[in-house]
Amino acid sequence: MCGIVGYTGKRAAMPVLISGLKKLEYRGYDSAGIAVTSDDGILIRKQSGKVAGLAEIVEQEDGMLAEAHTGIAHTRWATHGPPTTLNAHPHEGNEGRVVLVHNGIIENHNDLRNRFKAQGHTFKSDTDSEVLAHLVESHYQGDLLEAVTAALKEVEGTYGITCMAKDEPGVLVVARSGSPIVIGLGDDETIVASDASAIITYTRQAIYLDDNDIARIEGSKVDIRSLDKGAVSRTPSEIDWSPGAAEKGGYEHYMLKEIFEQPEAISNTIRGRIDLNRGTAILSGLNLSPRELVAIQRLLIVGCGTSMNAGLIGEYAVEDFAAIPAEVEQAAEFRYRNPIVGSRDMVLAISQSGETADTLAAVREAVEKGSLVAALVNVVGSTIARETSRGIYLHAGPEISVASTKAFTSQVSTLLMIALKFARAHRLSREQGIKIAKEIERIPELVEAVLKTNDQISEVAAHYAHYNNAFFIGRGYMYPVALEGALKLKEISYIHAEGYHAAELKHGPIALLEESMPVIALLNEGPGQEKTLSNVAECKARSAPVLGVITEGDEEARAACDHVIEIPSCPQYSSVVPAAVALQLLSYHIARIRGCAIDQPRNLAKSVTVE
Ligand code: F6R
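Residues numbered from 1 in each chain as written. Predicted model: local features only at pLDDT ≥ 70, side-chain atom pairs only at ≥ 80, totals over all residues. Heavy atoms only, no water.

A. Local environment of the environment of Pro180. Structurally, the position occupied by Pro180 is in the loop between strand S8 (171-177) and strand S9 (182-185). Judged by its relative accessible area of 6%, Pro180 falls in the buried class. Once the C-alpha coordinates of Pro180 and Thr383 are considered, the two residues, 203 residues apart in sequence, prove to be 7.4 Å apart. Those residues in contact with Pro180 that lie beyond four places of it in its chain are Arg27, Ala193, Ser194 and Glu355. (Helix = DSSP H or I, 4+ residues; strand = E, 2+ residues; numbered from the N terminus. Buried < 20%, exposed > 50% of the residue type's maximum accessible area, 1.4 Å probe, protein only. Contact = heavy atoms within 4.5 Å.)

Dropping the structure here:
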């Protein structure tokens, strides 16, 4: 949450910072700010609203702002204090000698604020981050690294920070605890950011700071220490995203681009991981032999939002293929309810960003309980990826749109592979394994087929864009797809949408059905289809408009609905992916017709690093 960029080096800092902020805006977009240092001191500009507003102001300025070679910038998702210009970062110390940008939450900010107020400090904002700036400055005696080190020892909470001092132009000090900082290593320059997408235009060589790391950076010189251990060495790694991967590439929105990238993203996810000969999946990152796999008697899947919905599909697949119990738990619930995790259980954490606070805390809780823990993560080098010794990277490429699309379908494809791997160790025959493996390999082609119907889906969307409410219903594997369809619609179009098990409709929600309450029914072939068709008849009998997601050529299902979206024929376990893609396009077009800010839905931020 919130985006940080910092630059020191040979170029003018401001364009690098603004372009970095634009790349990071998906992390938060309620206000933005920039500060530069030079021999003339510190200059700060900030503005409520989106990065474009800030860019408009600063790009017209010349003088120090245009010429400085060192600077920091921030795009905010408000936690403490409303999204006003005063609350925007960067924040200064009491005397304006130190300036910083901060992600995370300083939990003891009230105590610190009261202490400084008693000393006569005045605060300009309501933020915990400004308190941190005062704290750093109170320790400053000419060495920013020492001041930040001393300050952080007094802090409770989480932070990813980048600081500058008036008396050390050209120097950045960065530190992390619970909120990511990546240091991009260039020629005679260094770019720091809260995630790699702001860096890849300049360099692919990056160091991911660990918790408690603090670094002093000047030009291309980077000295890293640990708050408690002194100097440490961190090996740079290569960011394998192409610079274009984080651009819109001609699409109107990142979300649409990412929807269309899915055949490639899923191909990248499954490439080299399917063994057709043995009818299994090769998931070496799990680091589990068949013998160890057999010993696992229960899978506990944790995640939040869309990642949790993917987990629900994983639960169905693991029980269906491998006949071992699987359960999904919302990560925050898992961490706080003292879960029972046995020695024969494996906890699988799912997170696109690898930074979601609740999922990370669930991972830590599971590790604490001595469980086998693995993670399914997209962002390489993210905290969850680094804290779990077993894991599978999705390789879906950067997901910039706040609404998750390609990460979801890559997660689901991976979960099918995990289920297959478990199943082969537990009970599935080679022949059955080969059959499932072939179906998993077909998923990119199934998605291609749905993408070709984009124009038809756009036409259907026009019939549903004016409603204020909607139900999504499904059974079996299609139930989590209904949940995900509803989540996608509400987050980007602001239509109130609920996902229900089709059988559950009669137990209350049916009371809401009338002609202004459309039902989107997952009616594709497979177990339960007949029953959902009956539920659709019940909806129609109550005048609810029905849009069905049906299997191509299924005339009976078509006749039951007012409108349909067709997906190719395939087993229900793999149909979840094309069905989800169809619903992504439906939500996208509805939101577009309603004129919504699709890539930056109100109140949301990608990567929820606070509880
Ligand atoms: C919805 C969405 C969120 C995320 C959730 C978890 O489209 O993107 O619900 O799925 O915030 O994020 P990750 O997967 O990064 O842990």
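B. Representation of the sheet that holds strand S25 (residues 519-522) within the structure. Taken in spatial order, the five strands line up as S24-S23-S25-S26-S27 in an open sheet, and their pairing is parallel. Each end of this open sheet is capped by a strand with a single partner; those strands are strand S24 (496-501) and strand S27 (563-567). Sheet twist, expressed as the average angle between the axes of neighbouring strands with direction ignored, equals 20°. For strand S26 (residues 546-551) and S27, the ladder comprises five bridges, and the chain directions are parallel. Residue Thr551 lies in a different strand from S27, and its bridge partner there is Ile567. The strands touched by helix H17 (residues 454-464) within the sheet are S26 and S27, with S27 carrying the most contacts at an inclination of about 150°. (Pairing = 2+ DSSP bridges. Axes fitted to C-alpha atoms, helices over the stretch in contact; angles between N-to-C directions.)

C. The arrangement of the packing of helix H14 (residues 406-426) against helix H21 (residues 572-593) in detail. Look at H14 against H21: their axes get within 10 Å of each other, and the N-to-C directions meet at 175°. Compared by their axis directions, H14 and H21 come out roughly antiparallel. Between H14, through Phe408, Thr409, Val412, Ser413 and Leu416, and H21, the contact on the second element is made entirely by Tyr573, Ser574, Val576, Val577, Ala580, Val581 and Gln584. The residue inventory of the contact of H14 with H21, partitioned by class, reads eight nonpolar, four polar and no charged. (Parallel < 35°, antiparallel > 145°, perpendicular 65-115°, else oblique. Nonpolar A, V, L, I, M, F, W, Y, C, P; charged D, E, K, R; others polar.)

D. Representation of unusual backbone geometry. The amide bond that connects His89 to the next residue, Pro90, takes the cis arrangement and shows omega of 0°. Within the element layout of this structure, Pro90 appears in the loop between strand S4 (70-76) and strand S5 (91-92). With a phi close to 55°, Asn287 is a non-glycine residue in the positive phi region. Mapped onto the fold, Asn287 is located in the loop between strand S17 (280-281) and helix H9 (290-295). Of note, His395 is a non-glycine position whose phi angle comes to about 55°, a positive value. Counting through the fold element by element, His395 comes out in the loop between strand S22 (390-393) and H14.

E. Expanded view of the domain arrangement of the protein. Domain boundaries assigned for the protein yield domain 1 (3-239), domain 2 (250-441) and domain 3 (446-600). Using C-alpha coordinates to define each centre, domain 2 is positioned 25 Å away from domain 3. On the domain 3 side, the residues contacting the 32 residues of domain 2 number 28 residues. At the boundary of domain 2 with domain 3, total buried surface from both sides reaches about 2,600 Å², with 69% on carbon and sulfur atoms. Counting across the interface, domain 2 meets domain 3 through zero salt bridges. At the boundary of domain 2 and domain 3, one finds nine residue pairs in polar contact (both at pLDDT 80 or more). For the side of domain 2 that touches domain 3, the elements supplying multiple residues, two or more each, are helix H7 (254-260), helix H8 (262-270), helix H10 (305-322), H14 and helix H15 (430-441). Taken together, the residues of the side of domain 2 that touches domain 3 break down into 18 nonpolar, ten polar and four charged. (Domains from an automatic or database assignment. Buried area = accessible area lost by both parts, 1.4 Å probe. Salt bridge = Lys/Arg side-chain N within 4 Å of Asp/Glu carboxyl O. Polar contact = N/O pair within 3.5 Å; in protein donor to acceptor, adjacent residues only side chain to side chain.)

F. Quick look at the sheet that holds S9. What the eight strands build is an open sheet, ordered S3-S2-S4-S1-S10-S9-S11-S15; its pairing is antiparallel. The sheet is open, and its two edges are formed by strand S3 (41-48) and strand S15 (237-238), each paired on a single side. Along the sheet, helix H2 (residues 51-58) contacts strand S2 (31-38), S3 and S4; its crossing angle with S3, the most-contacted strand, is approximately 135°.

G. Highlighting the site of the ligand. Around the ligand, the surrounding shell holds 13 residues, and the nearest of these are Ser307, Ser351, Ser353, Thr356 and Glu491. For the ligand, an oxygen atom lies 2.6 Å from a polar atom in the side chain of Ser353. One nitrogen or oxygen atom from the main chain of Ser404 is found 2.9 Å from an oxygen atom belonging to the ligand. For the ligand, whose unbound accessible area comes to 410 Å², protein coverage reaches 88%. Elements that contribute at least two residues to the shell around the ligand include exactly H10 and helix H18 (478-493). (Near = heavy atom within 4 Å. Areas by Shrake-Rupley, 256 points an atom, 1.4 Å probe, with all protein chains shown as cover.)

H. Broad picture of helix H19 (residues 529-541). With 13 residues, H19 should reach 18 Å at 1.5 Å per residue; the first-to-last C-alpha distance of 18 Å fits that figure. Restricting attention to buried positions, one finds in H19 the residues Gln529, Thr532, Leu533, Asn535, Val536 and Cys539. Burial along H19 is one-sided: seen end-on, the buried residues are contained in an arc of 160°. Structural note: H19 exposes Lys531 and Ala541 on the side pointing more than 90 degrees away from its buried face. At its buried positions, H19 is contacted by strand S23 (469-474), S25, S26 and helix H20 (555-560). In the stretch just after H19, Ser543 is the one whose phi turns positive, near 70°. (Expected span 1.5 Å × (residues − 1). Arc of directions from axis to C-beta.)

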